[in-house]
Amino acid sequence: MILNDGIAKVFKVPSLLEDSRSIHRLSLYLRSCIENHIMINETEKENGFPGCRTVLSFGEGIEYLENEIRFDDYVVNYSKPKGQEISDIAIRNGNPIIIYNPKELQMNMAFSKAYTLESKGSSIGITGNDFFIEESALQSIKKIAKKQGFKTLIYNEDEKFIKYLIPYNMKDNNAVILGFNFSSEVIETNIRGWKTKIYRLLNFYPHDEMINEFSFELK
């Protein structure tokens, strides 16, 4: 969903747990998010603008309303001619949308958390046009990987970087389904009792490349 000055991109997790290739679908989703982030920043830089900041999070969601409510939804049924889809008055005024509430954003805690963190910005250490991943997203990725029979490796490399890898097999960590390289300077925050950690992404390792040969580098 493209907003006035931002983009909200949503991926439903429950369906992943039922899909035997869910972890690969998730890897492709993350790749698309990161590619969009890089592309926007490159375009912004070329035009002398500061760039964009991305925050990825995970949370529960509830769908409680239709995607849209139109004018005709307020017209009582008996006023419509038999067999007619919408009323005459709705036809005359174009049956405009009265309420637009996309299901992907209805009671979406992931969006709420990401928006809250991004809005806090530099006051909690989220600075610059970087890509940040909140702790709950990493926990969710790990849970999906485990459900699919894959283990997650997390280790501090030279005390400068934190590697988060989901390898195809534990004998070859160079081939991964997905992987992250984070700054070792983890941001810890407490917003009205909500304690979480935020990781600044430096590199993303896609599923179709060896990590010692290629990565998406974020600058």
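Each remark here, short or long, concerns the structure printed above.
The present account deals with the structure reproduced in this document. No experiment lies behind these values; they were computed from the predicted model shown. (Residues numbered from 1 in each chain as written. Predicted model: local features only at pLDDT ≥ 70, side-chain atom pairs only at ≥ 80, totals over all residues. Heavy atoms only, no water.)

At a minimum axis separation of 9 Å, helix 1 (residues 22–46) and helix 4 (residues 135–147) run at an interaxial angle of 150°. Considered as vectors, helix 1 and helix 4 are oriented roughly antiparallel to each other. Mapping the contact onto sequence places Ser22, Ile23, Leu26 and Leu30 in helix 1 and Ile141, Ile144 and Ala145 in helix 4. Residues belonging to the contact of helix 1 with helix 4 are distributed by class as follows: six nonpolar, one polar and no charged. (Axes fitted to C-alpha atoms, helices over the stretch in contact; angles between N-to-C directions. Helix = DSSP H or I, 4+ residues; strand = E, 2+ residues; numbered from the N terminus. Parallel < 35°, antiparallel > 145°, perpendicular 65-115°, else oblique. Contact = heavy atoms within 4.5 Å. Nonpolar A, V, L, I, M, F, W, Y, C, P; charged D, E, K, R; others polar.)

The next thing to look at is the pattern of salt bridges. The full count for this structure, using the stated rule, is six salt bridges. Arg31 is the partner of Asp208 in a salt bridge, and the nearest nitrogen-oxygen pair spans 3.1 Å. Of this pair, Asp208 sits in the loop between strand 9 (194–205) and strand 10 (216–217) while Arg31 sits in helix 1; the two residues are 177 residues apart in sequence, bridging distant segments of the chain. Exposure remark for Asp208: the relative accessible area of 43% places this residue in the partly exposed category. The residue Asp130 makes a salt bridge to Arg200 at a minimum N-O spacing of 2.5 Å. A residue pair is termed long-range when its members are at least 10 positions apart, and Asp130 in the loop between helix 3 (109–120) and strand 4 (131–134) and Arg200 in strand 9 qualify at 70 residues. Here Asp130 and Arg200 have matching classes, each one buried. Residues joined by salt bridges that share partners form a network here, namely Arg31, Glu35 and Asp208. (Salt bridge = Lys/Arg side-chain N within 4 Å of Asp/Glu carboxyl O. Buried < 20%, exposed > 50% of the residue type's maximum accessible area, 1.4 Å probe, protein only.)

Structurally, Ile62 is set in the loop between strand 1 (54–56) and strand 2 (68–70). Separated by 105 residues in the primary sequence, Ile62 and Pro167 place their C-alpha atoms 33 Å from one another. Setting aside chain neighbours within four positions, we find Ile62 in contact with Gln106 and Met107.

What follows covers the nonpolar core. Counting residues in hydrophobic clusters, the biggest one holds 29 residues, and the most contacted among them are Ile23, Leu30, Phe180 and Phe182. Those elements that provide at least two residues to this core are helix 1, strand 4, helix 4, strand 6 (161–169), strand 7 (172–183) and strand 9. Examining the composition of this core, we find that seven residues originate from one element, helix 1, more than from any other. Those residues in contact with Phe180 that lie beyond four places of it in its chain are Leu30, Ile133, Leu138, Ile141, Ile162, Lys163, Tyr164, Leu165, Leu201, Asn203, Phe204 and Tyr205. In this structure, Ala114, Ile124, Phe132 and Ile187 belong to the second largest nonpolar core, which totals nine residues. (Core = buried A, V, L, I, M, F, W, Y, C linked by side-chain atoms within 4.5 Å.)

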